[in-house]
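One letter stands for each residue in the lines below.
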Amino acid sequence: MVSQRAIFVDAGFLLAVGGTQAAGTSLRSAFRVDFEKLIEGIMKCTEEHSGLEVLRTYWYDASKDALFTDQHKQIGLLPGVKVRVGRISFNGEQKGVDLKLGLDLVGVARNRAASVAYLVSGDDDLAEAVEEAQDLGMKVVLVGVADSAHRLGVMSVAEHLALRVDSIITLTAELIDECFTKIVQEAPRPAPLVPAHTGHPLPRPVPKPAASVAKPGPPTRPLHYAPQRSHPEETHLVYSSGGAGASFVTEDSPMDVAQDVGESVAASWYGLVSQG
């Protein structure tokens, strides 16, 4: 087996731990990372520990449809760095990253390409791959971020994984502070109270309908219409054959009859109006 070291970095784990320490959150939009300085710091830390030459640094991350982003291309162009990309599921979880890392770890050990593997991760799903590489003659060293308050001495590392590696080393807090920078979001400006003029004319006020005029009611005092009946100067005698002998009766003139009818009609009309 060649006496050199290989570095395996779970980017999802490293960025989450570093972002939480620097910005208080694992959301990548909340902080910036100096990837070149971060990878150089990891290489320096592992070199001081083993003194061996480096085979390469494997960088494992995830993206939509497992496609390289501009950030992945930037990291992949660094000397001695190989980027391996898994995919992100619909609920934001990484898929295929642990599998790629485990297969590469065992493959390097099987090909005897390196004698020591430095693993930057905290996922207990890698425990079986670690044991397989050890069975092939490789030493596996866990690299974490120092946390004196944790009983393992490192942040966010599964105990199942920590118990299976050969040893544990830590990155300095100064390296995390230098490589991770919190992004300060500007406070949103308050919206204007008065809406901007759109150029459209304001609607004209709708005039109120005029009050309806009530119909005049019937007069409070009745109208008295009693035209005087004219008295004709002469009467007409009409012959009537009734009974045993003939008799004569006085007959009204046509004008008298018309006057009587008119008075009757006028009286009926006034009664209807005054009742309604």
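Please refer to the structure higher up on the page.
Below you will find a few notes about this structure. (Residues numbered from 1 in each chain as written. Predicted model: local features only at pLDDT ≥ 70, side-chain atom pairs only at ≥ 80, totals over all residues. Heavy atoms only, no water.)

1. Points about the overall build of the protein chain
Phase 1: Along its length, the protein chain carries eight helices and eleven strands.
Phase 2: Counting all 276 residues of the protein chain, 31% fall into the buried class.
Phase 3: Counted over contacts in the protein chain with a minimum sequence separation of 6, partners at least 24 positions apart contribute 70%. (Helix = DSSP H or I, 4+ residues; strand = E, 2+ residues; numbered from the N terminus. Buried < 20%, exposed > 50% of the residue type's maximum accessible area, 1.4 Å probe, protein only. Contact = heavy atoms within 4.5 Å.)

2. Some words on the packing of aromatic side chains
Phase 1: A complete count under the given rule lists four aromatic pairs for this structure.
Phase 2: Plain terms: the ring middles of phenylalanine 31 and phenylalanine 180 are 5.8 Å apart, the flat faces sit at 55° to each other, and that makes the pair tilted. Of this pair, phenylalanine 31 sits in strand E2 (residues 31-33) while phenylalanine 180 is found in strand E9 (residues 180-182), placing the two residues 149 residues apart along the sequence. Phenylalanine 180 shares its class with phenylalanine 31; the two are buried.
Phase 3: With 6.4 Å between their ring centres and 20° between their planes, tyrosine 58 and tyrosine 60 make a pair best called stacked. Both residues of the pair, tyrosine 58 and tyrosine 60, count as buried.
Phase 4: Through a chain of ring-to-ring contacts, the aromatic side chains of Phe8, Tyr58 and Tyr60 assemble into a single cluster. (Phe/Tyr/Trp six-rings, centres within 6.5 Å; stacked < 30°, edge-to-face > 60°.)

3. Looking at unusual backbone geometry
Phase 1: Here alanine 66, not a glycine, exhibits a phi torsion of approximately 55°, which is positive.
Phase 2: Among the secondary structure elements, alanine 66 is positioned in the loop between strand E3 (53-63) and helix H3 (70-76).
Phase 3: Alanine 66 sits in the partly exposed class, given a relative accessible area of 32%.
Phase 4: The backbone of arginine 112 sits at a positive phi, close to 55°, despite the residue not being glycine.

4. A closer look at the packing of helix H4 (residues 97-110) against helix H5 (residues 127-135)
Phase 1: Packing of H4 against H5 brings their axes to within 9 Å, and their N-to-C directions diverge by 5°. The orientation of H4 relative to H5 falls into the category roughly parallel. Contacts from Gly102, Leu105, Val106, Ala109 and Arg110 in H4 reach Ala129, Val130, Glu132 and Ala133 in H5.
Phase 2: Tallied by class, the residues present in the contact of H4 with H5 amount to six nonpolar, one polar and two charged. (Axes fitted to C-alpha atoms, helices over the stretch in contact; angles between N-to-C directions. Parallel < 35°, antiparallel > 145°, perpendicular 65-115°, else oblique. Nonpolar A, V, L, I, M, F, W, Y, C, P; charged D, E, K, R; others polar.)

5. Some words on helix H2 (residues 35-50)
Phase 1: The end-to-end C-alpha distance of H2, which contains 16 residues, comes to 23 Å, matching closely the 22 Å that a straight helix rising 1.5 Å per residue would cover.
Phase 2: Within H2, burial applies to Phe35, Leu38, Ile39, Gly41, Ile42, Cys45 and Thr46. Considered in projection along H2, the buried side chains sweep an arc of 155° and stay on one side of the axis. Residues Lys44 and Glu48 are exposed on H2 and point more than 90 degrees away from its buried face.
Phase 3: Positive phi appears at glycine 51, one or two residues downstream of H2, with a value of about 75°. (Expected span 1.5 Å × (residues − 1). Arc of directions from axis to C-beta.)

6. Thoughts on the side chain of serine 63
Phase 1: Structurally, the position occupied by serine 63 is in strand E3.
Phase 2: There is a polar contact of 2.4 Å between the side chain of serine 63 and the backbone oxygen of leucine 67.
Phase 3: The residues contacting serine 63, other than those within four sequence positions of it, are Phe68, Thr69, His72, Val85, Gly86, Arg87 and Ile88. (Polar contact = N/O pair within 3.5 Å; in protein donor to acceptor, adjacent residues only side chain to side chain.)

7. Section: the nonpolar core
Phase 1: Core analysis: the largest hydrophobic core is formed by 61 residues, its most contacted members being Phe8, Trp59 and Leu119.
Phase 2: If sequence neighbours within four positions are ignored, tryptophan 59 has contacts with Val9, Ala11, Leu14, Phe35, Leu38, Ile39, Ile75, Val81, Lys82, Val83 and Arg84. (Core = buried A, V, L, I, M, F, W, Y, C linked by side-chain atoms within 4.5 Å.)

8. Let's talk about the side chain of aspartate 61
Phase 1: For aspartate 61, the position within the fold is in strand E3.
Phase 2: One polar contact links aspartate 61 to arginine 28, side chain to side chain, over a distance of 3.0 Å.
Phase 3: Leaving out residues up to four positions away in the same chain, aspartate 61 has contacts with Ala11, Gly12, Arg28, Gln71, His72, Arg84, Val85, Gly86, Gln94 and Val97.

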